[in-house]
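Each chain, written out:
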Amino acid sequence: MSESAETPSSEVLAIDGPAGAGKSTIARRVADRLGWAYLDTGAMYRAVTREALDRGLEPGDAAAVAALASDLDLVLAPDGRVTVGGADVTARLRSPEVTEAVSTVAAIPAVRDVMVRHQRRFARENGRIVAEGRDIGTVVFPDARVKVWLDADPEERARRRLAETARAPGSDPADLQAMKARLERRDRLDSTRAVAPLKPADDARRINTTAMTPDEVVEAVLTTVQSALST
Ligand code: DC
């Protein structure tokens, strides 16, 4: 029996995929439609990174960042808000400096151990969850009832991310090619790390969202959930 059997009564929809594939938008909307809690695991790695940078730690200092992660009073609300030590940090997680450093922090095995424990506890406490990330269907909840892998062509992913960051305060409106290069760098770091790399679970339904509207992707994911739950 795998470790995720510690959540016997949970129902998990796992949504994984590379940066900019639309995971957050789709996961939030699907969670709303199903009435399930939403778990943004990327926000957790970002919260650790934010706190490390605020404290002047080097993101690559594995021992210091791991110690920080295990002491951090990190709370994920079912609506996606993140608090650290009671302070809402949600709006501070998507800055360029956090985005630049987060893959380094997420590659630290001891940080991942702490985050995975938080994620499984979230499932136990909330029962039915939509969890999005990079390793949800492979490592965190390998027994999830439904697994979806969202992807899109690199150019389209860069276009989507650019549209988001251009609205975020403090972000440089970088051009498409620069954004594409940054996404590719992050995907490379995420998919080549030793622990829990970015990759689809064998039993995930793969959806290429390049030519799809968010509404169409939401419907495709809901159809997958309905057919999985009715079997
Ligand atoms: O989805 P995002 O861009 O907010 O994720 C931020 C980073 O966190 C991403 O570069 C990889 C890492 N991450 C991870 O390693 N495992 C997860 N389950 C979620 C995110």
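Residues numbered from 1 in each chain as written. Predicted model: local features only at pLDDT ≥ 70, side-chain atom pairs only at ≥ 80, totals over all residues. Heavy atoms only, no water.

Outline the site of the ligand, supporting the account with residue identities and numerical values.
Contacts to the ligand come from 15 residues, most closely from Arg46, Arg112, Asp135, Arg186 and Arg193. Take Ser103: an N or O atom from its side chain is 3.2 Å from an oxygen atom of the ligand. Here the ligand loses 99% of its free accessible area of 450 Å² to cover by the protein chains. In terms of residue count, the dominant contributor to the shell around the ligand is helix H2 (residues 41–54) (four residues). (Near = heavy atom within 4 Å. Polar contact = N/O pair within 3.5 Å; in protein donor to acceptor, adjacent residues only side chain to side chain. Areas by Shrake-Rupley, 256 points an atom, 1.4 Å probe, with all protein chains shown as cover. Helix = DSSP H or I, 4+ residues; strand = E, 2+ residues; numbered from the N terminus.)

Outline the nonpolar core, supporting the account with residue identities and numerical values.
Within the largest apolar cluster, 37 residues are counted, with the highest numbers of intra-cluster contacts made by Leu74, Val82, Val111, Met115, Ile129 and Phe141. Listed in part, the 21 residues of the second largest apolar core include Leu13, Ile26, Val146 and Leu150. (Core = buried A, V, L, I, M, F, W, Y, C linked by side-chain atoms within 4.5 Å. Buried < 20%, exposed > 50% of the residue type's maximum accessible area, 1.4 Å probe, protein only.)

Explain helix H9 (residues 214–229) to me, using residue names and the numbers behind them.
Compared with an ideal rise of 1.5 Å per residue, which puts 16 residues at 22 Å, H9 spans 22 Å between its outermost C-alpha atoms and is within 8% of the ideal. Val217, Val218, Ala220, Val221, Leu222, Thr224, Val225 and Ala228 are the residues of H9 that are buried. Buried residues belonging to H9 abut strand S1 (11–16), helix H1 (23–34), strand S7 (146–151) and strand S8 (205–208). (Expected span 1.5 Å × (residues − 1). Contact = heavy atoms within 4.5 Å.)

Please set out empty space enclosed by the protein residue by residue, giving values where relevant.
A full pass over the atoms with the stated rule returns one cavity of 30 Å³ or more. Within this model, the largest cavity holds a volume of roughly 40 Å³. The wall of the largest cavity is formed by Ala14, Asp16, Gly137, Lys147, Val148, Trp149, Lys199, Pro200, Ala201 and Ala204. Here the lining of the largest cavity gets three residues from one element, more than from any other, and that element is S7. Tallied by class, residues from the lining of the largest cavity come to six nonpolar, one polar and three charged. (1 Å grid on protein atoms, 1.4 Å probe; cavity = no way out; pocket = protein on both sides within 12 Å on 5 of 7 lines; lining within 4 Å. Points joined across faces, edges and corners; volume = space filled by probe spheres on them. Nonpolar A, V, L, I, M, F, W, Y, C, P; charged D, E, K, R; others polar.)

Explain the packing of H2 against helix H5 (residues 109–126) to me, using residue names and the numbers behind them.
Contact geometry for H2 and H5: axes closest at 11 Å, N-to-C directions at 135°. Judged on the interaxial angle alone, H5 and H2 are oblique. Once H2 is placed against H5, the crossing between them reads as right-handed. For the pair H2 and H5, contact is made by Thr41, Met44, Tyr45 and Val48 and by Val111, Arg112, Met115, His118 and Gln119, respectively. Looking at the contact of H2 with H5 residue by residue, the classes come out as five nonpolar, three polar and one charged. (Axes fitted to C-alpha atoms, helices over the stretch in contact; angles between N-to-C directions. Parallel < 35°, antiparallel > 145°, perpendicular 65-115°, else oblique. Left-handed = near helix turned anticlockwise from the far one by under 90°.)

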